[in-house]
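One letter stands for each residue in the lines below.
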Amino acid sequence: MIHPTAIIHPKARLGSGIQVGPYSVIDADVEIGAGCVLGPYVYLTGVTKIGSGNKFHAAAVIGDAPQDLKYKDGPTGLRIGDNNVFREHTTVHRSNKPDEETVIGSNNFIMGNAHIAHNCRVGNHVIIANGTLLAGHVEVQDRAFLSGNCVIHQFCRIGTLAMMQGGAAASQDVPPFTTAQNGMNLLCGLNTVGLRRANFSSEERLELRKLYKFVFRSGKNLRPALAEAKGKFTGPAVKVFLDFIAAAKRGVCSDPGKNGLPEEE
């Protein structure tokens, strides 16, 4: 079902069962999997490969040139998985180098007016709410939740099952399983609701709470605390948490609180 006002380059590759709304444009180097739905005024461009079952709402711009002064109009790429939702006015830019890609995984929900810049990597089952802005080379790991109007500096990482409250900003990494509060680079505890929804047991959640207190609220410097924590905590989620922080290149967000977390219900 392709509206007669849509403009589709003859070299574009379209899978079966695609719907294209009025005045949408699909350029030559775009490949779209089966069952994708494009609303009105959607623009797909760049060397863009899109999986199946994706939905693009009105005026989404996907695969346009990166906002990078070093970019010189090369044939750069964007790769998108399956079953994602891109709401109205979402923008996703392709990479700034031909040998790299911007990558969006599968089963993500990207809400209106969100922006994902060049060379970003977004995992699976991620929620990016309205007005949230990802600068270039940002990594968002699986099941993270970025609330409305969050801003993330270039090259930052958002860990798996991390949550950013509305209006939060990060110029440092947000560790897995934590919650970033409104403000700059501030943590306020664990993403307890997200951990429950991901079926973490009460024992796993309790160990993560003890780990969080030890690393961020014990008064120790971060690196010594990490080294000591490796001998005190042993669960698989602990390893994910510690390995993420150890790999940080921009530093990690900190918790300014002096009191311990409230007891788990």
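Caption draft 1: Structural detail: the sheet that holds strand β23 (residues 157-158). With respect to topology, eight strands assemble into an open sheet ordered β2-β5-β8-β11-β14-β17-β20-β23, the strand pairing being parallel. Unpaired on one side and paired on the other, β2 (13-14) and β23 mark the two borders of the sheet.

Caption draft 2: Up close: the sheet that holds strand β6 (residues 37-38). Judged by pairing direction, the sheet is mixed, and its ten strands sit side by side in the order β3-β6-β9-β12-β15-β18-β21-β24-β26-β28 without closing on themselves. Sheet topology places β3 (19-20) and β28 (187-190) at the edges, where each strand pairs with a single neighbour. Sheet topology note: the strand β24 (residues 163-164)/strand β26 (residues 178-180) ladder contains two bridges and is parallel. Bridge pairing in β26 links methionine 163 to threonine 179. Relative to the sheet, helix α2 (residues 202-216) contacts β26 and β28, its axis offset from that of β28 by approximately 155 degrees.

Caption draft 3: Main features of α2. Across its 15 residues, α2 extends 21 Å between first and last C-alpha, which sits within 8% of the 21 Å expected from 1.5 Å per residue. The set of residues buried in α2 consists of Arg205, Leu208, Arg209, Leu211, Tyr212, Phe214, Val215 and Phe216.

Caption draft 4: Highlighting the side chain of histidine 118. Examined against the element boundaries, histidine 118 turns out to sit in the loop between β16 (115-116) and β17 (121-122). Classification of histidine 118 as buried rests on a relative accessible area of 8%. Side-chain polar atoms of histidine 118 contact the side chain of asparagine 119, separated by 2.8 Å. Beyond its immediate stretch of four places on either side in the chain, histidine 118 contacts Pro66, Gln67, Asp68, His93, Arg94, Ser95, Asn96, Thr102, Gly136 and His137.

Caption draft 5: View of the confidence of the model for the protein chain. In the predicted model, the protein chain carries a mean pLDDT of 95, and the fraction of residues at 70 or more is 97%. Note that pLDDT drops below 50 for residues 259-265; the model gives that stretch 17 contacts with residues more than four away or on any other chain.

Caption draft 6: Geometry of the environment of valine 252. Tracing the chain through its elements places valine 252 in the segment after α4 (236-246). Those residues in contact with valine 252, other than ones at most four positions away along the chain, are Gln172, Asp173, Pro175, Phe216, Leu222 and Ile245.

Caption draft 7: Fine view of the packing of aromatic side chains. This structure, assessed with the given rule, holds six aromatic pairs. A ring pair is formed by phenylalanine 56 and phenylalanine 86, whose centres lie 4.9 Å apart and whose planes are at 5 degrees; its orientation type is stacked. In this pair, phenylalanine 56 is assigned in strand β9 (residues 55-56) and phenylalanine 86 in strand β12 (residues 85-86), connecting sequence segments 30 residues apart. Residue classification places phenylalanine 86 among the buried residues on the basis of a relative accessible area of 0%. Ring centres of phenylalanine 216 and phenylalanine 241 lie 6.2 Å apart, and the angle between their planes is 80 degrees; this geometry places the pair in the edge-to-face category. Here phenylalanine 216 is found in helix α2, whereas its partner phenylalanine 241 is found in helix α4, with 25 residues between them in sequence. In this structure an aromatic cluster arises from ring pairing among Tyr212, Phe216 and Phe241. Directly above the aromatic system of phenylalanine 244 lies the positively charged group of arginine 157, at a separation of 3.8 Å from the ring centroid.

Procedures and definitions
- Residues numbered from 1 in each chain as written.
- Predicted model: local features only at pLDDT ≥ 70, side-chain atom pairs only at ≥ 80, totals over all residues.
- Heavy atoms only, no water.
- Pairing = 2+ DSSP bridges.
- Helix = DSSP H or I, 4+ residues; strand = E, 2+ residues; numbered from the N terminus.
- Contact = heavy atoms within 4.5 Å.
- Axes fitted to C-alpha atoms, helices over the stretch in contact; angles between N-to-C directions.
- Expected span 1.5 Å × (residues − 1).
- Buried < 20%, exposed > 50% of the residue type's maximum accessible area, 1.4 Å probe, protein only.
- Polar contact = N/O pair within 3.5 Å; in protein donor to acceptor, adjacent residues only side chain to side chain.
- pLDDT = per-residue confidence, 0-100.
- Phe/Tyr/Trp six-rings, centres within 6.5 Å; stacked < 30°, edge-to-face > 60°.
- Lys NZ or Arg CZ within 6 Å of the ring centre and 35° of its normal.

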